[in-house]
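Close look at the chain arrangement
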Amino acid sequence: QRQMCIRDRSMRCVKAGRTTSMYTAELIQNDRTIAMANAHFAAKRLDAAFCDQVMPDVSPASQIAPTDWQQTDSKFAVPFRQHFDQRIAIGPTPGTRDGSGRIGGWMRFMDCRPLDDIGLLAMSDAWYPSIISRHLDYDVHVPTIDHTVHFLQNDFSALPDDCLLYTSDAAD
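Residue numbers run consecutively from 1 along every chain, following the written order of its sequence. Under the rules for a predicted model, residues below a pLDDT of 70 receive no local features and side-chain atom pairs below 80 are neither given nor counted, while totals for whole chains, interfaces and linings still include all residues. To obtain the side-chain values, all non-hydrogen atoms of the structure were used and water was disregarded.

Centres within 6.5 Å are what make two rings of Phe, Tyr or Trp a pair, Trp counting through its six-membered ring; a difference in plane orientation under 30 degrees is then read as stacked, over 60 as edge-to-face, and the rest as tilted. Tallied over the full model, the rule gives 3 aromatic pairs. Summarising the aromatic geometry, the rings of Tyr 23 and Phe 41 are spaced 6.0 Å apart at their centres and angled 75° between planes, so their arrangement reads as edge-to-face. Of this pair, Tyr 23 sits in strand 2 (residues 20–29) while Phe 41 sits in strand 3 (residues 32–42); the two residues are 18 residues apart in sequence, bridging distant segments of the chain. Aromatic side chains Trp 127 and Tyr 166 sit 5.9 Å apart centroid to centroid with 25° between the ring planes, which places their arrangement in the stacked category. Here Trp 127 is found in the loop between helix 1 (117–124) and strand 6 (164–169), whereas its partner Tyr 166 is found in strand 6, with 39 residues between them in sequence. Put simply, DSSP marks the helices as runs of H or I at least four residues long and the strands as runs of E at least two long, and each gets a number from the N terminus on.

What follows is the structure, encoded as structure tokens:
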């Protein structure tokens, strides 16, 4: 088995302004770039509060069996998901399609650790892509190419100790 080791990492300031700063980072493993990240920091600005989302009508997490990623029919199951207790509540199971482009369900860390910004970031990229539920003429593998998360606060104490509901929609 080939040993994977991180040999290099870099981080540089792209722009350092009066109210906004931008950084980029790269992680290199076995001479290949395996991850890139951009971070943007800004001074507090005027608040704009709105919420257009409506809570989907789904069964509670306690009434849905956890997904066993080792037992799905999906040939694209990835080991990363084994860190999460995921319970499918919206859309088809991996390996099947319903044409909706909608997927989602309840999710928490297997070790039930408290949620913070890093945990929420990991969870936001842990669910399988919604496009695989579409009726396509071929199987697709959809690695994350671009993933943007905006944290508008840094106090996560109001988050529940149990599962969070994740939804995604691959619209027409």
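Note on terminology: a nonpolar core comprises buried Ala, Val, Leu, Ile, Met, Phe, Trp, Tyr and Cys residues joined through side-chain atoms within 4.5 Å. Three exposure classes are used, based on accessible area relative to the maximum for each residue type with a 1.4 Å probe and protein chains only: buried under 20%, partly exposed in between, and exposed over 50%. Within the largest apolar cluster, 15 residues are counted, with the highest numbers of intra-cluster contacts made by Phe 84, Met 107, Leu 115, Met 123, Trp 127 and Tyr 128. Of the residues forming this core, the biggest block, 3 residues, is contributed by strand 5 (residues 102–109). Any two residues having at least one pair of non-hydrogen atoms within 4.5 Å are treated as being in contact. What Tyr 128 contacts, discounting residues up to four positions off in sequence, is Trp 69, Arg 81, Ile 88, Pro 92, Thr 93, Pro 94 and Ile 103. Ranked by size, the runner-up nonpolar core spans 6 residues in total, among them Val 58, Ala 61, Trp 106 and Cys 163.

A 1.4 Å probe that fits but cannot get out identifies a cavity on a 1 Å grid over protein atoms alone, an open set with protein on both sides within 12 Å along at least five of seven lines counts as a pocket, and a residue lines either if it has an atom within 4 Å of a point. Grid points are joined across faces, edges and corners, and a volume is the space filled by probe spheres set on the points. Computed from the structure, the second largest pocket encloses a volume of approximately 580 Å³. The wall of the second largest pocket is formed by Cys 51, Gln 53, Met 55, Met 107, Leu 120, Met 123, Ser 124, Phe 151, Leu 164, Leu 165, Tyr 166 and Thr 167. When residues of the lining of the second largest pocket are traced back to their parent elements, those giving at least two are helix 1 and strand 6. Looking at which element gives the most residues to the lining of the second largest pocket, the answer is strand 6, with 4 residues.

Attention shifts here to the environment of Thr 96. Note that Thr 96 resides in the loop between strand 4 (84–90) and strand 5. C-alpha of Thr 96 to C-alpha of Ile 132: the two residues are 36 residues apart in sequence and 8.3 Å apart in space.

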